[in-house]
Amino acid sequence: MPEFAWRAARSDGQMLEGRTEAAAGDAVLRQLRERGLTPIRVEDAAAGAPAAAGWRAKTRRRALRGPVNAADVLTLTGELSIMLRSGLALDNALRVLIDMSAKPSVRKLMEDILEDVKGGAPFSRALAARRQHFGDFYINMARSGEASGQMSNVLERLVEHMNRLRALRESVISATIYPAILLVVALLSLVGMMGFVVPQFEKLFKDVGDALPLPTRIVMTMGHGFRQYGVLLLIAALALGWLLWRWLRAPAGRAWWQNRALGLPVIGRLLYKYEMTLFARSLGTLLGNGVPLLAALDIATGTVGNLNLRQPLVKMAPLVKEGVRMARAMESTQVFEPLAINLIRVGEETGRIGAMMVELAGVLDRDVETGIKRALTLLEPVLIITLGVLIACIIVSILLGILSINNLAG
């Protein structure tokens, strides 16, 4: 029978660890709960081979460095939700998180939050004092959990929301890896051709001079210049890329890019739907947890990164405050598509605006994933064909030069 290593918390927040033989991990969970313990972690004790354990230890040490990040907040939220749902008091749950935290920055964050809570501050106010880590969306969700007395359920919804957003971002990043590899291979192939292959023909064409065909002379000049100034060109390209990156991160550069990004073919449409997904999912989640509509609109609008889309959305809250229906306010922004407006109109009639916004986010999620796959399906052959054409042009220009030498010799 396999042995499982477990870690659990008592009702007073004290941490316990041990090993138990059981047929499966579920049996260990049941045993721990029957003992009045809150399971935190159950894993196969035989899973760690020495080499794998050493690799995991190195990876863990690297992960423990640095400040609190979004992955840390997601992990903390999930663990806190489990402990509160198991009946652990908030202060005891926070103590357990402190004991479990191996990352110094995370432990310090939890200690500060616990100190505020012990001093009588509500949990949401303790989070608001660390807004840079949690954000308005998270804080208002916690506030709604306090008002409704359903903090564990709210934290569970928060975990779902954060996981969906992370999955969407990761799908976008993962989908661009292969085209990026193709682009790097294309650039390296061109560097190899211009820096090493083309210069080998310089001696052959040296005495021909202007008798060489124009394409051959152009390629030879480029190859000679690349070989002589390749390092300088690389340094200049890296410097230019760094300056461009810095400029795009500055307000002026970011505004310039956002003004043009939505107008790009294919990419602009995907960016629009991605931003609308963030807005719809945030608004739907907030409304589903009892946050007032006006506050939810303000917070959800802040999740939209593109200023050209955010500015029209800002106008919605004042219109709704004046008594304008939600669907009418959305229509006045001229940002939303008819599908979104019709879904919200149905939501207003049925009293389920939050659910309709979550449904809209799901539709947009699928559209973004499908659009990315289609765009990358087109991009891959375009990169391959472009690389093939460029290399073919270089080869043909060299062959033209060789043929011209044969003609002169004849």
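Residues numbered from 1 in each chain as written. Predicted model: local features only at pLDDT ≥ 70, side-chain atom pairs only at ≥ 80, totals over all residues. Heavy atoms only, no water.

Caption draft 1: Highlighting the overall build of the chain. Secondary structure assignment for the chain yields 19 helices and three strands. In terms of overall size, the chain is more extended than a compact globule, its C-alpha atoms giving a radius of gyration of 30 Å where 410 residues would be expected to give roughly 22 Å. Each principal axis of the C-alpha distribution contributes one length, and for the chain these read about 100 × 65 × 40 Å. Of the contacts made within the chain by residues no fewer than 6 positions apart, 59% connect residues no fewer than 24 positions apart. (Helix = DSSP H or I, 4+ residues; strand = E, 2+ residues; numbered from the N terminus. Rg over C-alpha atoms; globule rule 2.2 N^0.38 Å. Contact = heavy atoms within 4.5 Å.)

Caption draft 2: Fine view of the packing of aromatic side chains. This structure, assessed with the given rule, holds three aromatic pairs. With 5.0 Å between their ring centres and 50° between their planes, phenylalanine 134 and tyrosine 138 make a pair best called tilted. In this pair, phenylalanine 134 and tyrosine 138 both sit in helix α7 (residues 131-148), four residues apart, roughly one turn of the helix. Residue classification places tyrosine 138 among the buried residues on the basis of a relative accessible area of 5%. (Phe/Tyr/Trp six-rings, centres within 6.5 Å; stacked < 30°, edge-to-face > 60°. Buried < 20%, exposed > 50% of the residue type's maximum accessible area, 1.4 Å probe, protein only.)

Caption draft 3: Spatial organisation of unusual backbone geometry. Despite not being glycine, glutamine 334 has its phi angle at roughly 55°, a positive value. Tracing the backbone shows glutamine 334 in the loop between α17 (326-333) and α18 (338-350). On the basis of relative accessible area, glutamine 334 is assigned to the exposed category, the value being 73%.

Caption draft 4: Main features of the nonpolar core. Counting residues in hydrophobic clusters, the biggest one holds 70 residues, and the most contacted among them are Leu94, Ile113, Phe123, Phe279, Leu283, Met326 and Phe336. Top element by residues in this core is helix α13 (residues 267-288). It accounts for seven residues. Excluding its chain neighbours within four sequence positions, the residues that come into contact with phenylalanine 336 are Tyr272, Met276, Phe279, Leu313, Met316, Met330 and Ile341. Ranked by size, the runner-up nonpolar core spans nine residues in total, among them Met194, Leu212, Val219 and Ile394. (Core = buried A, V, L, I, M, F, W, Y, C linked by side-chain atoms within 4.5 Å.)

Caption draft 5: Representation of helix α8 (residues 151-175) in the model. Taking 1.5 Å per residue, 25 residues should reach 36 Å; α8 reaches 36 Å between its end C-alpha atoms and fits that length. When α8 is considered as a whole, its buried residues turn out to be Met151, Ser152, Val154, Leu155, Leu158, Val159, His161, Met162, Leu165 and Leu168. (Expected span 1.5 Å × (residues − 1).)

Caption draft 6: Structural detail: the packing of helix α9 (residues 177-197) against helix α11 (residues 214-249). Contact geometry of α9 with α11 gives a least axis separation of 8 Å together with a crossing angle of 95°. Judged by the angle between their axes, α9 and α11 are roughly perpendicular. Together, Val191, Met194 and Gly195 of α9 and Val219, Met222, Gly223, Phe226 and Arg227 of α11 make up the contact between the two elements. (Axes fitted to C-alpha atoms, helices over the stretch in contact; angles between N-to-C directions. Parallel < 35°, antiparallel > 145°, perpendicular 65-115°, else oblique.)

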